[in-house]
Amino acid sequence: MKIMLCYYNDLTVLLSTVFKELEFDIDYLGKPSKDCLELGIKNSPESWCFDTKIMMGQALEGIKRKNNIISLPGAWGGGERNCFVGYLTRGVMQKRLEKLTRKKINLWFFNLNPAEIMMSGYTAAYKNISELKKYSKIKFFRSRLMKAMVLGVKKMNLASDLKQKILTSPEIIDKQAVFKIYDRFMDEMIFVGDTQQKSEEIYKKAKSEIDSLKKVKLKKIIKIGLVGDYAHTLFSFNPFFDLERFILEQNIVVNQPLSFASYYNFLSPIYSIKNRKELSKIFPQNVSGSDAVTLLTSLYIKDKVDGIIHIRTFGCMPEEIVNEVLLNNKEKFPPILSLSYDAHTTEENFKVRIEAFIDMIKNKSR
Amino acid sequence: MTKQCIIGIDCGSVSVKVAVLNLKGKVLLSFYERSKGKPLDKLKELFKKIPGKYEIVGVGITGSARNFIGKIIGVDLIKNEITAHASALEKFYPKAKTIIEIGGQDSKIIIFRKGIPVDFAMNTVCAAGTGSFLDQQASRLGIPIENFGKIAEKSKKDITVGGRCTVFAESDMIQKQQAGYEIKDIIKGLSNNLVKNYLHNVAKGKDLEPPFVLIGGVAANKGIVSAFERYLKAKVIIPKYYNTMGAIGMALLVLKDKEKKKTNFRGLDFSKYKIKKKVFQCKGCENNCDIIKIKAGKEITHFGSKCGKFE
């Protein structure tokens, strides 16, 4: 069985480990390309959000490449009720894909609900991945899945560590080289890192290569927090613009505290009692949904950064709520730049705003 | 005897602005001209107006064409428009608290506190009251844009014209013309709604405090100015250099940045430049980026690659 896998930050490594253990052939597509977005736009109704158009493009690319199973992300933060992705995961996207391709599609959405993953131990993730049992012919499914998850989480920790290292190393001159090392590291973790020892070797090699890159001494380190839509803060869904890379290229530290590794290790710092108490003062809702994740992240980083960039998909209701909450409580936060994007947002639109925001922060701290 | 000076350029979507400042930051010359789709040719014309007695020791550029033109003419600093405007206002209007800027293609708000910019926003919704749209409507109605404001001021009525989207605003205006409304009332309605739209979208959630300063080409439109004053219930200051603030700010930024470095500027005479431009598509990956290759003298510059392959 051939399964499609795209880039989902550190989670890519866990998923690939599990897919391998279930004896699937992995077809790794990486980050979405411009062609993928075009395919998604062409085959989705205009009302679908940017993230779902990208997912549609990924699915169609995967089908074109003759994958038997198409794996895609579910709704972020468990906000299925008011999230468009959540609606599409309930058979809507599958129906559309089957209508377009005129064949049966095996579509599998993986769980992206951090609170559920953390609070249920591995149970929620296990239950979700068990949905793949019907495609796997392996014996001792349960024990092999558990074994793969344990190894996968360890590998995920390494991937998350390396990403954090990159995001906090603005002093490296050749940013292009850093991201090349990271892309190669991810490829090796997916296809070569079959044991913990091998994965650690890959990690150490990538880390030492990054350490050996030429650095410049920065007079003052400016830190920008990145919060908002997972498609942009974690999955690099926008083929026109790599936000993390662009901020790093301005010699700025990117503070992006979310990682799937922290959820699977049950210690995501954003869910601390103190943080949740603070959230209840500005957002009287249950701690669930992507709006809560973004607000908890913003509260967690607010004293650690010089400014926050809140990025949201145009029309994403949870993130629109966040935008409103942040606006109404702006005195509690450092300067916030709110960016909204859709399938037609250009790179230049983002660049001007981010550059001006960084200049403003530098000017303020002068 | 030559005088050392700095040039600031603002190459926007509809106009080119050039400012010449001495090394103390005093404005010696400033020009504003519509580019009519040919910013480089217009810049060439404006450069011819700069007297030979000035020795150019630094050049900075801002505006939407900044990267492209900056590489061709050779500049020392390239910055975005918000930073450039903020720099000029910091020097000339340190007491201003809210800066409204309406340009050809975008509109912005910059919030100043104690003389430094602390917050800003740019338009996200279609047009939101930009100069290009006003130009378009003036030309459709056969009225010179310079008279647009004066005509609006003659109106005593308050009619509503949809200003959220340029397409809807235009069809609303046409409908009102067909229904027999007077042109002066339609223009006033349009000005009011563009201002309302600006305040509801661009300025949404911002602390709007006086003194207010309005800059950008649209500041010349009296109808828009009085609409702002009506809605903000305060006087709006129009600076002397309201339409060249970006260029002045850019020159000031170069001045701040300058540490006796030799300028990269290739000179005022464009005919001496040997510029070749080529556009091709990179086939290195599925992104198929459109790459612009510019050869200016011996220097070759590329734009447009997402991965930085050509940098």
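Each chain carries its own residue numbering, running from 1 in the written order of its sequence. In the order they appear in the text, chains get letters beginning with A and ligands get numbers beginning with 1. Predicted model: local features are reported for residues with pLDDT of at least 70 only, side-chain atom pairs are reported and counted for 80 or more only, and whole-chain, interface and lining totals are derived from all residues.

*Asks:* Tell me about the overall build of chain B, residues and numbers included.
*Replies:* Note on conventions: DSSP H or I runs of at least 4 residues are helices, E runs of at least 2 residues are strands, and numbering of each starts at the N terminus. In terms of regular secondary structure, chain B is built from nine helices and 13 strands. A radius of gyration in this sense is built from C-alpha atoms; the matching globule rule multiplies 2.2 Å by the number of residues raised to 0.38. Here chain B has a C-alpha radius of gyration of 21 Å; the compact-globule value for 311 residues is 19 Å, and the two agree. If one aligns the C-alpha atoms of chain B with their principal axes, the spans along those axes are about 60 × 50 × 35 Å. By residue count, 41% of the 311 residues in chain B fall in the buried class. Contact criterion: two residues are in contact if their C-beta atoms, reconstructed from the backbone, are within 7 Å. Here the contacts in chain B between residues at least 6 apart in sequence split such that 65% fall between residues at least 24 apart. Partly exposed residues are those falling between the two cut-offs: more than 12 but fewer than 20 other C-beta atoms within 10 Å of their own, whereas 20 or more means buried and 12 or fewer means exposed, with C-beta atoms placed from the backbone.

*Asks:* Lay out the interface of chain A and chain B in plain terms, naming residues and giving numbers.
*Replies:* Tallying the contact residues gives 16 residues for chain A and 16 residues for chain B. For the side of chain A that touches chain B, the secondary structure elements donating two or more residues are helix H2 (34-42) and helix H16 (347-365) of chain A. Tallying contributions element by element places H16(A) first for the side of chain A that touches chain B, with eight residues. We call Asp, Glu, Lys and Arg charged. Ala, Val, Leu, Ile, Met, Phe, Trp, Tyr, Cys and Pro are nonpolar, and the rest, Gly among them, are polar. Here the residues of the side of chain A that touches chain B sort into six nonpolar, four polar and six charged.

*Asks:* Requested: an account of helix H4 (residues 131-141) of chain B, with residues and values cited.
*Replies:* Residues and elements named next belong to chain B. For H4, every residue scored as buried is listed here: Gly131, Phe133, Leu134 and Gln137. Viewed along the axis of H4, the buried residues span an arc of 160 degrees, placing them on a single side of the element. Exposed side of H4, more than 90 degrees from the buried face: Ser139 and Arg140 are the residues found there. Contact partners of the buried residues in H4: strand S6 (98-102), helix H5 (145-154), helix H6 (166-178) and helix H7 (183-201). The positive-phi residue at the C-terminal boundary of H4 is Gly142, with phi of around 70 degrees. What the arc measures is the spread of directions leading from the helix axis to the C-beta atoms.

*Asks:* A description of the nonpolar core should follow, citing residues and the corresponding values.
*Replies:* What makes a nonpolar core is a set of buried Ala, Val, Leu, Ile, Met, Phe, Trp, Tyr and Cys residues, with links drawn between C-beta atoms within 7 Å. If you look at the biggest cluster of nonpolar residues, it comprises 180 residues, and the most contacted ones within it are A:Val18, A:Met156, A:Leu296, B:Ile9, B:Leu21, B:Ile99 and B:Ala251. Among the elements that make up this core, the one with the highest residue count is helix H7 (residues 141-167) of chain A (11 residues). The residues that make up this core include at least three from each of domain 1 (3-85 + 247-272) and domain 2 (94-238) of chain B. For B:Ile99, the contacting residues outside a window of four places in its chain are B:His85, B:Leu89, B:Ile109, B:Ile110, B:Phe112, B:Val213 and B:Ile215. Residue ranges assigned to the domains are those given by an automatic or database domain assignment.

*Asks:* How would you explain the domain arrangement of chain B if you had to name every residue and give the values?
*Replies:* Residue and element names in this part refer to chain B. Taken domain by domain, chain B comprises domain 1 (3-85 + 247-272), domain 2 (94-238) and domain 3 (274-311). Measuring from the centre of the C-alpha atoms in domain 1 to the corresponding centre in domain 3 gives 24 Å. Facing the five residues of domain 1 at the interface are six residues of domain 3. A breakdown of the residues in the side of domain 1 that touches domain 3 according to their chemical character gives two nonpolar, one polar and two charged.

*Asks:* Can you explain the sheet that holds strand S13 (residues 299-303) of chain B? Please cite residues and give values.
*Replies:* Residue and element names in this part refer to chain B. Strands pair, by our definition, only if DSSP identifies at least two bridges between them. Strand order in the open sheet made by the three strands is S11-S12-S13, with antiparallel pairing throughout. Edge positions in the open sheet fall to strand S11 (275-281) and S13, since each of these has one partner strand only. Here the strands of the sheet are splayed against their neighbours by 20 degrees on average, with no regard to which way each runs. The sheet contact formed by S11 and strand S12 (residues 290-296) spans seven bridges and is antiparallel. Looking at S12, one finds that Lys276 is bridged to Lys295. Where helices are involved, their axes are fitted lines through C-alpha atoms of the stretch in contact, as for all axes, and angles between N-to-C directions lie from 0 to 180°.

*Asks:* Pulling in residues and values, what's your account of the sheet that holds strand S6 (residues 253-255) of chain A?
*Replies:* Residues and elements named next belong to chain A. Taken in spatial order, the four strands of this open sheet run S6-S5-S7-S8, and their pairing is parallel. Of all the strands in the sheet, just S6 and strand S8 (336-341) have a single pairing partner and so form its edges. If you compare each strand with its neighbour and ignore which way they point, the axes differ by 25 degrees on average. Both strand S7 (residues 307-313) and S8 contribute to a ladder of six bridges, which runs parallel. Directly across from Thr313, in S8, lies its bridge partner Tyr341. In the packing of helix H14 (residues 289-301) onto the sheet, the strands contacted are strand S5 (223-228), S6 and S7, and the crossing angle to S5 comes to about 165 degrees.

*Asks:* Any details on the environment of B:Gln175? Residues and values, ideally.
*Replies:* The residue B:Gln175 is located in helix H6 in this model. Sequence separation of B:Gln175 and B:Arg140 is 35 residues, and the distance between their C-alpha atoms is 14 Å.

*Asks:* Can you lay out the environment of B:Pro210 for me, pointing to particular residues and giving the numbers?
*Replies:* All names here are of chain B. Relative to the elements of secondary structure, Pro210 occurs in the loop between H7 and strand S9 (212-215). The exposure class assigned to Pro210 is partly exposed, which follows from the 15 C-beta atoms found within 10 Å. Separated by 24 residues in sequence, Pro210 and Ala234 have C-alpha atoms that sit 7.1 Å apart.

*Asks:* Quick rundown of the confidence of the model for chain A? Include the residues and the values.
*Replies:* Do not read the fine detail of predicted coordinates wherever pLDDT is low. Averaged over every residue, the pLDDT of chain A is 90; the share at 70 or more is 97%. pLDDT: the predictor's confidence for each residue, scored from 0 to 100. Confidence, expressed as mean pLDDT per element, reaches its minimum in chain A at helix H5 (residues 114-119) of chain A with 77 and its maximum at strand S1 (residues 2-6) of chain A with 97.

*Asks:* Please give an account of the packing of helix H1 (residues 11-21) of chain A against H7(A) that cites residues and values.
*Replies:* All names here are of chain A. Remark: H1 packs on H7, axes separated minimally by 8 Å, with the N-to-C direction vectors making an angle of 155 degrees. Here H1 is positioned roughly antiparallel relative to H7, judged by the angle of their axes. For the pair H1 and H7, the crossing hand works out as right-handed. Note on element contacts: H7 touches H1 through Arg144, Leu145, Lys147, Ala148, Met149, Leu151, Gly152, Val153, Lys155, Met156 and Ala159, opposite Leu11, Val13, Leu14, Thr17, Val18 and Glu21. Among the residues forming the contact of H1 with H7, the class breakdown is 11 nonpolar, two polar and four charged. Any angle between 65 and 115 degrees counts as roughly perpendicular, while under 35 counts as roughly parallel, over 145 as roughly antiparallel, and the rest as oblique. By the definition used in this description, the sense in which the near helix is turned from the far one sets the handedness, with an anticlockwise turn below a right angle giving left-handed and a clockwise turn giving right-handed.

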